[in-house]
Amino acid sequence: MKDTEFAYAVAYIRTLENKMLTQQDLDALLLADSYASALHLLSEKGYRDAEEKPLDVLLKNELERAWETAREVYPAEAPIDVLLYQNDFHNLKTILKANAANQSWQELVLSPSVCDPQLLADAIREKQFGDLPDFLQEPAEASYQILTEYFDGQLMEIAVDRFAYLAMKQRAKQEKNDFLIGWVERNILCANLEIALRASHRTKEFLEGALIPCTLLDTDTLLLSALEGRESVISKIADAGYPQGADAATESLGKFNQWCAHFLMDYLKIAKQSCFGFEPILAFLVAKQREIQSVRIILSGKFHEMDVKIIKERLRDLYV
């Protein structure tokens, strides 16, 4: 598909970007004198039924509305669905655990997703994994076996997370798009670094099963650093060309996660310079998700009457 075939979609997405929350808008939400006042401000900024809907429903509807709008304008061949893979794999973990515990899962799944959660639940219950989309078949069957044979929920979750990134990586390679490949590789890098930073007292076998192949930092090298300890991992992050990431990791894991958010958003800002191709659409959808995450942090903090400084520390950069 030619990049110019996305021209209309990109032009329309630009108009949606102009309606997104700015840093000034977030600051206004932060400074609102109450939860109700923050909801009122959000309503004025275009969040439908902000003052009537429960927070989770409000934000879920807002994200689904962004996806519905994007789907209406971008060509069907655009590989935007790769952004939903993590929702699908989250749903896989959720439904597997609920199935094992004989509990309901309907209120715990994420949307939108590529695979209908009910289809996923039926396939797991009936062990008909071939009914699932190709990218979910092997992960669902393998994860089901881990949970039912070893009764190890943590091991299952680690396996599912790894499958998720491998599926994203394969999808990006199929598209042969450098921007999408770069986005996925940066996500994998951040995931691997967090695994390594958390790896104290973990075995080599655990790390081999958790780390994902990455072109930005060799996993074998990272594994050896993880076995040596946290300071060795931080040194490796700096040596790999990410000194700010190393400084953040030295301070705390929370600060490192903030650095990862900045690192990923800085990459997406490249797409703002493009007038063609699917990259601006992908960037908009990621940015909208980040915006909603920021709103959730602020509104949850307001609801629980948290100090503004504490709320602000939890926020991430905005694309706009």
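See the structure shown above.
Residues numbered from 1 in each chain as written. Predicted model: local features only at pLDDT ≥ 70, side-chain atom pairs only at ≥ 80, totals over all residues. Heavy atoms only, no water.

So, about the environment of Phe-256. Within the secondary structure layout, Phe-256 lies in helix 14 (residues 253-268). Along the backbone, Phe-256 and Val-82 are 174 residues apart, and their C-alpha atoms lie at a distance of 25 Å. Setting aside its immediate chain neighbours within four residues, Phe-256 contacts Cys-190, Leu-193, Glu-194, Leu-197, Ile-237, Gly-245, Ala-248 and Ala-249. (Helix = DSSP H or I, 4+ residues; strand = E, 2+ residues; numbered from the N terminus. Contact = heavy atoms within 4.5 Å.)

All chains considered together, the criterion is met by ten aromatic pairs. A centroid spacing of 5.2 Å and a plane angle of 75 degrees characterise the contact between Tyr-35 and Phe-303, whose relative ring orientation is edge-to-face. With Tyr-35 in helix 3 (residues 35-44) and Phe-303 in helix 15 (residues 279-303), this residue pair connects regions lying 268 residues apart in the sequence. Its relative accessible area of 54% is what places Phe-303 among the exposed residues. Here Tyr-242 and Trp-259 contribute two aromatic rings whose centre-to-centre distance is 6.0 Å and whose plane-to-plane angle is 65 degrees, an arrangement assigned as edge-to-face. Of the two residues, Tyr-242 is situated in the loop between helix 12 (230-239) and helix 13 (243-251) and Trp-259 in helix 14; the sequence distance between them amounts to 17 residues. Residue classification places Tyr-242 among the buried positions, given a relative accessible area of 15%. Residue class for Trp-259 comes out buried when judged on its relative accessible area of 10%. Feature note: the residues Tyr-242, Phe-256, Trp-259 and Phe-263 constitute an aromatic cluster, connected by ring pairs. (Phe/Tyr/Trp six-rings, centres within 6.5 Å; stacked < 30°, edge-to-face > 60°. Buried < 20%, exposed > 50% of the residue type's maximum accessible area, 1.4 Å probe, protein only.)

If you check which residues of helix 3 are buried, you get Ala-38, Leu-39 and Leu-42. Along the axis of helix 3, the buried residues cluster in a sector spanning 100 degrees; they form a single face. For helix 3, the elements touching its buried residues are helix 2 (23-31), helix 4 (55-73) and helix 15. Immediately downstream of helix 3, the backbone of Gly-46 shows phi near 105 degrees, a positive value. (Arc of directions from axis to C-beta.)

Quick look at the nonpolar core now. Ile-80, Phe-89, Trp-183 and Leu-282 are the most contacted members of the largest nonpolar core, which totals 110 residues. Excluding residues that lie within four positions of it along the chain, Phe-89 makes contacts with Phe-135, Leu-136, Pro-139, Val-160, Phe-163, Ala-164 and Ala-167. (Core = buried A, V, L, I, M, F, W, Y, C linked by side-chain atoms within 4.5 Å.)

Another aspect to go through is the pattern of salt bridges. The final tally for this structure, using the stated rule, is 15 salt bridges. Residue Lys-93 is joined to Asp-161 by a salt bridge in which the shortest nitrogen-to-oxygen separation is 2.8 Å. Residue Lys-93 is located in helix 5 (residues 85-101), and its partner Asp-161 is located in helix 8 (residues 153-175); the two are separated by 68 residues in the primary sequence. Using a relative accessible area of 14% as the deciding quantity, one classes Lys-93 as buried. Between Arg-198 and Glu-194 there is a salt bridge, with the nearest N and O atoms lying 3.0 Å from each other. Salt bridges sharing common partners tie together Glu-62, Arg-65, Lys-288 and Glu-291. (Salt bridge = Lys/Arg side-chain N within 4 Å of Asp/Glu carboxyl O.)

In this section: the packing of helix 9 (residues 178-197) against helix 15. Viewed as axis vectors pointing N to C, helix 9 and helix 15 meet at an angle of 30 degrees, and their least axial separation amounts to 10 Å. Taken together, the axis directions place helix 9 and helix 15 in an arrangement best described as roughly parallel. Considering the relative orientation of helix 9 and helix 15, their crossing is right-handed. Contact residues: helix 9 offers Phe-179, Leu-180 and Trp-183, while helix 15 offers Glu-279, Leu-282 and Val-286. Looking at the contact of helix 9 with helix 15, its residues break down into five nonpolar, no polar and one charged. (Axes fitted to C-alpha atoms, helices over the stretch in contact; angles between N-to-C directions. Parallel < 35°, antiparallel > 145°, perpendicular 65-115°, else oblique. Left-handed = near helix turned anticlockwise from the far one by under 90°. Nonpolar A, V, L, I, M, F, W, Y, C, P; charged D, E, K, R; others polar.)

Taken together, the side chains of Glu-44, Asp-49, Glu-51 and Glu-52 present a region of like negative charge at the surface. With respect to the helices, strands and loops of the structure, Glu-52 is situated in the loop between helix 3 and helix 4. With a relative accessible area of 60%, Glu-52 lands in the exposed category. (Patch = residues over 30% accessible without salt bridge, like charges linked within 9 Å, V, L, I, M, F, W, Y side chains within 5 Å. Areas by Shrake-Rupley, 256 points an atom, 1.4 Å probe, with all protein chains shown as cover. Lys, Arg positive; Asp, Glu negative; His and termini not counted. Charge placed at Lys NZ, Arg CZ, Asp CG, Glu CD.)

What follows deals with unusual backbone geometry. A cis amide bond links Ser-111 to the next residue, Pro-112, at an omega of 0 degrees. Tracing the backbone shows Pro-112 in the loop between helix 5 and helix 6 (117-126). At Asp-49, a position not held by glycine, the phi torsion is positive, near 55 degrees. Positionally, Asp-49 belongs in the loop between helix 3 and helix 4. Here Phe-151, not a glycine, exhibits a phi torsion of approximately 50 degrees, which is positive. Within the secondary structure, Phe-151 sits in the loop between helix 7 (134-150) and helix 8.

Within the secondary structure, Leu-26 sits in helix 2. Residue Leu-26 is classed as buried on the basis of its relative accessible area of 1%. In sequence terms Leu-26 and Ala-38 are twelve residues apart; their C-alpha atoms lie 9.7 Å from each other.

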